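# Close look at the chain arrangement
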Amino acid sequence: MAAASAVRAVGRRSRRLFDIFVADIPWTVSSKELKEYFSQFGSVQRCQLPFDKDTGFHRRYCWIKFSTPQDVQNVFQKDSHILEGAKV
């Protein structure tokens, strides 16, 4: 019984996602472009780029969800991230 519980717990941990918050995203950058850019650092599970209902534009920030903490560390190893000429 204890072994089965341990296996379930490991399975839950393996599905855990690791997030980073990205701000000051240029208006012209899409969620697809963000996902492509951050994929160079690891496995991107999701890019959540919220939009403003009134303007139809994104809100210039997003959350990038990675599979492992190492993927997140890979992002932070780079000094700066530039998308379409803007530092994010």
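Our structure is the block above this text.
Structure report, in brief. Not measured: the values here are computed from a predicted model. (Residues numbered from 1 in each chain as written. Predicted model: local features only at pLDDT ≥ 70, side-chain atom pairs only at ≥ 80, totals over all residues. Heavy atoms only, no water.)

### Considerations on helix H2 (residues 31-38)
Buried residues of H2: Leu34, Tyr37 and Phe38, and no others. Mapping the buried residues of H2 onto a view down its axis gives an arc of 85 degrees, with all of them on the same face. Away from its buried face, by an angle of more than 90 degrees, H2 presents the exposed residues Lys32 and Glu36. Contact partners of the buried residues in H2: strand E1 (18-23), strand E2 (44-48), strand E3 (61-66), helix H3 (69-77) and strand E4 (82-83). (Buried < 20%, exposed > 50% of the residue type's maximum accessible area, 1.4 Å probe, protein only. Helix = DSSP H or I, 4+ residues; strand = E, 2+ residues; numbered from the N terminus. Arc of directions from axis to C-beta. Contact = heavy atoms within 4.5 Å.)

### A word on the environment of Asp19
Structurally, Asp19 is set in strand E1. Owing to a relative accessible area of 38%, Asp19 belongs among the partly exposed residues under this scheme. Taking the C-alpha atoms as reference, Asp19 lies 4.4 Å from Lys65; in sequence the two are 46 residues apart. Residues within four places of Asp19 in sequence aside, it is in contact with Ile64 and Lys65. Reaching out from Asp19, the side chain makes a polar contact with the side chain of Lys65 at a distance of 2.9 Å. (Polar contact = N/O pair within 3.5 Å; in protein donor to acceptor, adjacent residues only side chain to side chain.)

### Notes on the nonpolar core
Grouped together as the largest cluster of nonpolar side chains are 17 residues, with contacts concentrated most on Ile20, Leu34, Phe38, Cys62, Ile64 and Phe66. Other than its neighbours up to four places away in sequence, Ile20 contacts Phe38, Cys62, Trp63, Ile64, Phe66, Val72, Val75 and Phe76. (Core = buried A, V, L, I, M, F, W, Y, C linked by side-chain atoms within 4.5 Å.)

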